Protein chains: 2
Amino acid sequence: MEEIISLDALLEIINNKQVAKLRELFETSEIIDIAEVCDEIEDISKLLFIFKTVKSEYTAELFTYLNEDSQAKLINLFSDKQLTELITNSYTDDIVDFLEDLPANLVTRVLKASPKEERNDINKLLNYKEDTAGSIMTTEYVEISSDLTVKEALAQIKKVGQDAETISSTFVIDKKRNLVGVLYLDLLVLTDEDTPIKDIMNEEFHTANVHDDQEAVAETFKRYDLTVLPVLNNEHRLIGIITIDDVIDVMEKETSEDIAIQAGMQPLEDEYLKTGVFTLAKKRIVWLLFLMVSATFTSMIISRFEDSLKAAAVLSAFIPMFMDTGGNSGGQTTSLITRGLATKEVTTKDYGKVIWKELRVALVTGLVVATFNFLWIFLELTIGLVSNSGTIPNWQVAGLVALTLFSTIIIAKCLGASLPMFAQKIGLDPALMSGPIVTTLVDATSLLIYFLLCTQIFRLV
Amino acid sequence: MEEIISLDALLEIINNKQVAKLRELFETSEIIDIAEVCDEIEDISKLLFIFKTVKSEYTAELFTYLNEDSQAKLINLFSDKQLTELITNSYTDDIVDFLEDLPANLVTRVLKASPKEERNDINKLLNYKEDTAGSIMTTEYVEISSDLTVKEALAQIKKVGQDAETISSTFVIDKKRNLVGVLYLDLLVLTDEDTPIKDIMNEEFHTANVHDDQEAVAETFKRYDLTVLPVLNNEHRLIGIITIDDVIDVMEKETSEDIAIQAGMQPLEDEYLKTGVFTLAKKRIVWLLFLMVSATFTSMIISRFEDSLKAAAVLSAFIPMFMDTGGNSGGQTTSLITRGLATKEVTTKDYGKVIWKELRVALVTGLVVATFNFLWIFLELTIGLVSNSGTIPNWQVAGLVALTLFSTIIIAKCLGASLPMFAQKIGLDPALMSGPIVTTLVDATSLLIYFLLCTQIFRLV
């Protein structure tokens with residue numbers, strides 16, 4: 001591939017109205033690369049020049065890659081003829097994608113300019129709930145009747161395949177219009193011409209219901225290495241197909257959502273840079289407030305043991321350290337288990353195995369970290385990095401902190417493994433039981449342990 | 001699709017030696033579903049019965065899905081003839097996948113049993129470094145000479161395509177064996193028979209170098225919606241292809257690695273349940289120790305301000321609360337930005353935009369959370385949830401904490417946005433600048449602010 005074009009080079013072509021050069025650019029480049037540069041063009045009339053000059057098969061693709069702002073502005077400026085051309089040259093799933101983000105008056109304009117049949121398809125797709133199979137499927141696929149031979153099927157594909165989003169899989173329909181098989185193009189090509197397609201079609205195919213969640217659809221693609229999946233309505237009739245490129249987008253989006261939830265946020269609907277300041281703030285404040293209020297327990301515990309702290313002020317110096325370490329070690333486990341649940345590497349059936357493994361990991365980790373912690377704190381106190389003005393000897397303070405740390409790591413790892421699996425079991429998103437929640441719980445627990453050890457073992461008030 | 005078979009049903013078939021039923025099962029089910037059940041079979045002789053009974057085209061696929069333990073045990077028990085059959089019926093990339101996890105003596109046995117040509121291919125692939133294009137490519141693809149017509153090309157594909165992993169794309173080679181074009185099967189089928197393939201092949205194709213990082217390969221697939229990518233050696237000769245199913249696995253693995261690093265762990269090489277306790281502990285201890293030692297600063301700060309805490313013990317009660325809230329709000333931003341960098345939604349060029357956005361988000365979030373915090377703490381103190389035995393009035397304590405919280409949120413969000421982008425800029429993995437590190441930094445900063453406000457504004461010692 002040649003170099004991706006720069007903004008300056010593209011602007012020069014447009015400003016000098018170098019029509020031939022512009023057309024050649026679209027013929028020899030990936031449209032997504034051009035689109036990225038076009039997104040930086042402020043002057044919408046320059047974009048319009050591209051749409052007037054270049055063949056609509058290219059500009060239709062360009063349009064789907066542009067950001068929402070440019071899309072809305074362009075639609076405002078398009079003539080009805082240009083709109084019709086855009087619709088005719090785009091796949092219905094791409095049209096629906098950008099219509100979903102347009103203001104209602106522009107949607108109406110686009111629908112009015114659409115040819116009747118397209119309009120019906122678009123309207124149907126627009127009505128499927130977000131995040132369902134229906135919302136990511138396309139209606140451009142090829143149906144084949146079940147009584148054809150390989151030769152006849154190939155001839156039919158040749159006749160009607162031009163407008164389909166893919167012909168690598170085509171769909172075999174019986175007389176009652178039920179889907180009875182999936183026909184792979186490579187098998188068609190490799191098989192003798194006179195073979196009936198019934199003999200080579202795949203009758204054990206996977207399907208999705210139009211109302212299925214898109215995450216479940218993505219799982220099916222991954223598990224069975226699919227590139228196309230037929231979508232059925234409630235009457236089991238074929239009404240669309242989903243292709244792998246849209247599924248990869250779904251996978252990315254779902255992972256981003258999981259990551260946001262795990263970090264204590266509501267997921268964004270849009271790209272980060274396109275999301276407004278108040279929306280971003282709103283998505284974060286709810287959880288921050290919830291976690292802040294939950295942290296009240298830590299204040300209450302410290303307040304309850306105020307006298308111990310007064311008697312030995314050095315004790316308060318290590319509270320952040322063991323709280324952080326506890327939170328971090330719990331967060332490690334939660335992240336690992338939540339991810340394992342998301343990729344189906346781990347299921348709730350494995351709970352016994354997981355908790356037994358984490359318990360042993362916690363013992364090893366706790367022993368190593370606590371031993372090191374004991375030596376480190378003893379050193380800190382001895383060389384005076386942290387001053388101990390109280391009456392408890394340095395080695396006892398270090399021992400107290402190390403012992404707390406050890407117990408905290410055990411509890412943090414067990415909680416960290418249990419909470420996401422428990423959430424999954426009762427039908428919640430395991431990502432909800434995330435680092436921040438585990439941290440909050442572990443903080444309170446470790447403080448309690450600390451002060452109980454203080455008062456019980458060291459007989460502090 | 002019918003129901004997935006249960007372990008009991010499969011064992012019954014094997015125990016009663018129901019050969020016909022077993023064969024039918026493999027013909028009508030997805031092999032990955034059967035493999036999952038097979039993994040639960042303890043008695044290896046029962047698995048061996050499957051491999052002796054069922055056609056090797058099915059068992060070869062079954063083998064690739066089994067867990068490493070079963071694979072090693074089976075290879076130990078296979079006759080040389082069975083080994084040869086397994087190799088002949090598998091794609092080289094799948095063979096290499098399982099060889100990489102086998103003990104050396106078994107690898108030697110497998111290589112000895114391989115037909116000479118296969119052996120050479122396998123040896124070459126085994127030598128590519130892990131995580132490169134070479135390590136995930138396969139050598140089973142179809143080459144077409146550039147002077148053929150559509151009809152001749154289809155005939156050639158029909159002749160040699162049976163053994164290829166895919167024929168949906170085939171690769172056009174000139175007389176010097178340079179790759180000059182990619183030929184899509186659907187276009188071949190849709191085009192008139194007598195057209196020279198030169199007219200319809202794609203000459204602006206993407207390629208990977210065999211040493212390219214697999215993450216970069218996955219990016220190319222995603223960006224350009226590819227399903228196949230040709231792989232070239234340093235002399236620009238075609239030596240293999242990568243298919244989308246392997247790329248999806250790479251994407252999943254890379255995301256899991258990012259998530260592990262972000263949670264303060266070294267990523268696992270293997271699935272969680274298959275990884276041993278000591279390996280799991282080792283992956284976590286290094287970071288825990290590092291973060292624990294970093295938390296020393298918090299101990300030093302608290303120790304330095306011991307007198308303030310003695311004068312007003314209530315002050316220590318809120319330290320965990322604002323530290324947690326600061327850590328959480330920083331973690332929100334870091335997660336979002338790190339994910340944005342991973343999906344290329346955000347680049348380091350956007351730094352100005354991002355920091356300006358985060359600053360405003362921090363102002364809004366900080367104002368709301370700090371206001372609520374003021375009221376909440378005032379309430380806690382007033383109703384006695386937390387006791388204030390000192391001389392500072394409740395509203396001043398609440399004001400001090402809220403002011404600290406506000407500053408902490410601003411700093412946390414700016415640090416949280418800057419650190420991952422800075423890491424990316426200097427060529428480090430942005431996931432390294434993760435929640436735990438941001439938390440540690442924010443903890444120290446917020447404590448400093450807290451005590452500076454104490455001593456400066458409230459004139460505490």
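As the structure is a computational prediction, the values presented were derived from the model and not from experiment.

**Q** I'm lost on the environment of Arg284 of chain B in this one. Help?
**A** If you trace the backbone, Arg284 of chain B turns up in helix 17 (residues 277-294). Accessibility expressed as a relative area gives 0% for Arg284 of chain B, which makes it buried. Considering only alpha carbons, one finds Arg284 of chain B and Leu183 of chain B, 101 residues apart in sequence, at a separation of 48 Å. The contacts of Arg284 of chain B, once residues within four sequence positions are left out, are Gln332, Thr333, Leu336, Glu358, Val361 and Lys413 of chain A together with Gly264, Met265 and Tyr272 of chain B.

**Q** What should I look at first to understand the interface of chain B and chain A in this one?
**A** Accessible area lost upon the coming together of the parts serves often as the stated size of an interface. Counting residues at the interface gives 113 residues for chain B and 113 residues for chain A. When chain B packs against chain A, close to 10500 Å² is buried across both sides, 65% of that on carbon and sulfur atoms. Where chain B touches chain A, the interface holds eight salt bridges. Residue Lys222 of chain A pairs with Glu252 of chain B through a salt bridge whose shortest N-O separation is 3.1 Å. Between chain B and chain A we count 40 residue pairs in polar contact (both at pLDDT 80 or more) in total.

**Q** Explain the pairing of strand 2 (residues 169-173) of chain B to me, please; I cannot follow it from the model alone.
**A** Sheet faces and side chains relate simply in a regular strand, where the side chains alternate between the two faces. All names here are of chain B. Strand 2 sits mainly inside the fold: five of its five residues count as buried. Where burial is concerned, the two faces of strand 2 agree: the one with Ser169, Phe171 and Ile173 and the one with Thr170 and Val172 are both buried. With three bridges connecting them, strand 1 (residues 143-145) and strand 2 associate as parallel partners. When the sheet's bridge partners are listed, Ser145 is paired in strand 2 with Ile173. Taking the sense of rotation as the criterion, the β-α-β connection linking strand 1, helix 12 (residues 150-160) and strand 2 turns out right-handed. Pairing between strand 2 and strand 3 (residues 179-184): five bridges, direction antiparallel. Note on strand 3: the bridge partner recorded for Phe171 is Val182. What sits between strand 2 and strand 3 in their antiparallel hairpin is a turn of five residues, with Arg177 showing a positive phi close to 65 degrees.

**Q** Even after reading the chapter, I still don't get the pairing of strand 6 (residues 238-243) of chain A, so can you show me in this structure?
**A** Residues and elements named next belong to chain A. Summarising burial for strand 6: five of the six residues are buried, a large majority. As judged from the five bridges shared by strand 5 (residues 228-232) and strand 6, these two strands associate in the antiparallel manner. Paired with Leu229 across the two strands is Ile242, which belongs to strand 6. A loop of five residues connects strand 5 with strand 6, the two strands running antiparallel in sequence, and His236 in this loop sits at a positive phi of about 65 degrees.

Conventions and cut-offs
- Residues numbered from 1 in each chain as written.
- Chains lettered and ligands numbered in written order.
- Predicted model: local features only at pLDDT ≥ 70, side-chain atom pairs only at ≥ 80, totals over all residues.
- Heavy atoms only, no water.
- Helix = DSSP H or I, 4+ residues; strand = E, 2+ residues; numbered from the N terminus.
- Buried < 20%, exposed > 50% of the residue type's maximum accessible area, 1.4 Å probe, protein only.
- Contact = heavy atoms within 4.5 Å.
- Buried area = accessible area lost by both parts, 1.4 Å probe.
- Salt bridge = Lys/Arg side-chain N within 4 Å of Asp/Glu carboxyl O.
- Polar contact = N/O pair within 3.5 Å; in protein donor to acceptor, adjacent residues only side chain to side chain.
- Pairing = 2+ DSSP bridges.
- Right-handed = clockwise from strand over helix to strand, strands pointing away.

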